[in-house]
Amino acid sequence: MNTFNADLHCHSVVSDGTLTPEELAKRAKDQGVTLWSLTDHDEIGGQVRAAAAAAASGMDYLTGVEISVTFLHQTVHIVGLGFDAHNSALFEGLQRTRGGRSQRALEMADDLARVGIRGTFEGALKYAGNPNLISRTHFARYLVETGVCKDTYEVFRKYLTEGKPGFIEHRWASLKDAVQWIVQAGGMAVIAHPARYKFSANEELALFTEFKGHGGQGVEVVTGSHSVADAATYAASALEFELAASRGSDFHSPGESRTELGALPDLPGQLTPVWELLADRIQYAPRVN
Ligand code: AMP
Ligand code: MN
Ligand code: MN
Ligand code: MN
């Protein structure tokens, strides 16, 4: 039995996950995933390894990335799927997007030092498999290691988020640039985990409308970040805005992530899955008979 199971959102050590692309591929395969995408934050350096590991373990593969965007003073994530991983405009855009992370991390550490929590820059850096991609997740792991918080969920409740110690406002890519980098590289842009943003109804309408206007075509409906009610809400949005629907765990780490690779409800039946529109972008695994 090989039941179709798409997981089009997860992270490796190339961004803020703790497994290598190869370890993730093995875990995804063991969990029954049949179509996989590695979507590291602002970085496609793991794509060749992920595609090779997927082929070796018999999973179909879509190239992936999750781009950090600033929209109406909030951070929004745009997932790109099925693009050409050798596209130079996409590569340069991502390089610029992640460029400010080191300076931001130093400022985050200074802000934490103001409330008496010291050494966090060096501490977070220890966890960053890719120092150019130092992220809040790496700070969160260090704050757990040092006993400041019991888990990373507590960290994001008490620190590193707006109004809390360690939060530094940052300007990421524009929505227009992120969508266009993906689309011009032959891929599909997808709004990641829309229920996580704190937009008013009008602001969310602006996000969906502008996203579509720039050429965006998809929205995550079933994700590790959504409740059952959130999935129903954004299934309705997908129909209303005529967007294809995506499905992904947003897995970062065993023992840290609440949603295991591939362990998600199916997409509601009336939606168009992103993989139907991306059929010619899928790297199909060699079929063994
Ligand atoms: P950064 O890109 O450095 O701002 O880090 C954002 C990452 O922090 C996300 O991709 C998640 O992996 C992680 N994270 C976990 N919980 C939260 C939360 N409540 N708010 C923001 N980020 C979170
Ligand atoms: Mn992350
Ligand atoms: Mn995200
Ligand atoms: Mn993610």
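None of the values given here were measured: they were computed from a predicted structure. (Residues numbered from 1 in each chain as written. Chains lettered and ligands numbered in written order. Predicted model: local features only at pLDDT ≥ 70, side-chain atom pairs only at ≥ 80, totals over all residues. Heavy atoms only, no water.)

A. Focus on the coordination of the manganese ion (ligand 4). All of the protein donors around the manganese ion (ligand 4) are His9 (NE2), His11 (NE2), Glu66 (OE) and Asp250 (OD); their distances to the metal are 2.1 to 2.2 Å. Here the donor residues of the manganese ion (ligand 4) share one chain and are spaced in sequence as H-x1-H-x54-E-x183-D. The two metals, the manganese ion (ligand 4) and the manganese ion (ligand 2), are separated by 4.5 Å. Placement of the pair is His11 in the loop between strand S1 (6-7) and helix H1 (21-30) and Glu66 in strand S4 (residues 64-71), with a sequence separation of 55 residues. Residue classification places His11 among the buried positions, given a relative accessible area of 0%. (Donors = N, O, S within 2.8 Å, 3.2 Å for Na, K, Ca; no water. Helix = DSSP H or I, 4+ residues; strand = E, 2+ residues; numbered from the N terminus. Buried < 20%, exposed > 50% of the residue type's maximum accessible area, 1.4 Å probe, protein only.)

B. Region of interest: the pattern of salt bridges. Counted according to the given criterion, the structure contains 12 salt bridges. A salt bridge links Lys26 to Asp30; its shortest N-O distance comes to 2.8 Å. Here Lys26 and its partner Asp30 are both found in helix H1, 4 residues apart, which amounts to about one turn of the helix. Of the two residues, Lys26 and Asp30, neither departs from the other in class, the shared state being exposed. Across the pair Arg196 and Asp250 runs a salt bridge, and its minimum N-O distance is 3.9 Å. With Arg196 in the loop between strand S6 (188-191) and helix H9 (201-213) and Asp250 in the loop between strand S8 (244-248) and helix H11 (274-277), this pair connects stretches of sequence that are 54 residues apart. (Salt bridge = Lys/Arg side-chain N within 4 Å of Asp/Glu carboxyl O.)

C. Representation of the pairing of strand S5 (residues 74-81). Within S5, 7 of the 8 residues are buried, which leaves the element mostly enclosed by the surrounding structure. In the sheet, S4 pairs with S5 via 8 bridges, with the strands oriented antiparallel. In the sheet register, Val65 faces S5, and the bridge partner there is Gly80. The antiparallel pairing of S4 with S5 creates a hairpin that spans 2 residues between the two strands, and Leu72 there sits at a positive phi of about 50°. In the sheet, S5 pairs with S6 via 4 bridges, with the strands oriented antiparallel. Of the residues in S6, the one forming a bridge with Leu81 is Met188. (Pairing = 2+ DSSP bridges.)

D. Spotlight on the coordination of the manganese ion (ligand 3). The manganese ion (ligand 3) binds to the protein through Glu66 (OE), His77 (ND1) and His193 (NE2); the donor distances cover 2.1 to 2.2 Å. One chain supplies every donor to the manganese ion (ligand 3), and in sequence these donors are spaced E-x10-H-x115-H. In this structure, the manganese ion (ligand 3) lies 5.6 Å from the manganese ion (ligand 2). Separated by 127 residues along the polypeptide, Glu66 in strand S4 and His193 in the loop between S6 and H9 bring together distant segments of the chain. For Glu66, a relative accessible area of 0% gives the class buried.

E. Layout of the site of ligand 1. Around ligand 1, a shell composed of Asp16, His41, His77, Arg101, Arg104, Ser135, Arg136, Thr137, Phe156, Arg196 and His252 is seen. Within the side chain of Thr137, an N or O atom sits 3.2 Å from an oxygen atom of ligand 1. Between an oxygen atom of ligand 1 and a side-chain N or O atom of His252, the distance comes to 2.9 Å. If ligand 1 stood free it would expose 490 Å²; the protein chains cover 79% of that surface. Judged by the fraction of its atoms near the pocket grid, ligand 1 is located in the largest pocket. For the shell around ligand 1, the secondary-structure elements that each account for two or more residues are helix H4 (101-114) and helix H6 (136-145). Of the residues belonging to the shell around ligand 1, the class tally is 1 nonpolar, 5 polar and 5 charged. (Near = heavy atom within 4 Å. Polar contact = N/O pair within 3.5 Å; in protein donor to acceptor, adjacent residues only side chain to side chain. Areas by Shrake-Rupley, 256 points an atom, 1.4 Å probe, with all protein chains shown as cover. 1 Å grid on protein atoms, 1.4 Å probe; cavity = no way out; pocket = protein on both sides within 12 Å on 5 of 7 lines; lining within 4 Å. Sits in = over half its atoms within 2 Å of the grid points. Nonpolar A, V, L, I, M, F, W, Y, C, P; charged D, E, K, R; others polar.)

F. Inspection of the nonpolar core at higher detail. Within the largest apolar cluster, 51 residues are counted, with the highest numbers of intra-cluster contacts made by Ile67, Ile78, Leu207, Val221 and Val274. With 5 residues, helix H8 (residues 175-184) is the single largest residue contributor to this core. Excluding residues that lie within four positions of it along the chain, Ile78 makes contacts with Val65, Glu66, Ile67, Val69, Leu175, Ile182, Ala189, Val190, Ile191 and Phe211. (Core = buried A, V, L, I, M, F, W, Y, C linked by side-chain atoms within 4.5 Å. Contact = heavy atoms within 4.5 Å.)

G. Seen up close, the layout of surface pockets. Considered as a void within the structure, the largest pocket measures approximately 1,600 Å³ in volume. Around the largest pocket, the lining comprises 43 residues; the ones closest to its centre are His77, Arg136, Phe156, Thr161 and Arg196. Among the secondary structure elements, those contributing two or more residues to the lining of the largest pocket are S4, S5, H4, H6 and helix H7 (152-158). In terms of residues, the lining of the largest pocket owes the most to one element, H7, which gives 4 residues. Among the residues making up the lining of the largest pocket, the classes are represented as 7 nonpolar, 21 polar and 15 charged. (Points joined across faces, edges and corners; volume = space filled by probe spheres on them.)

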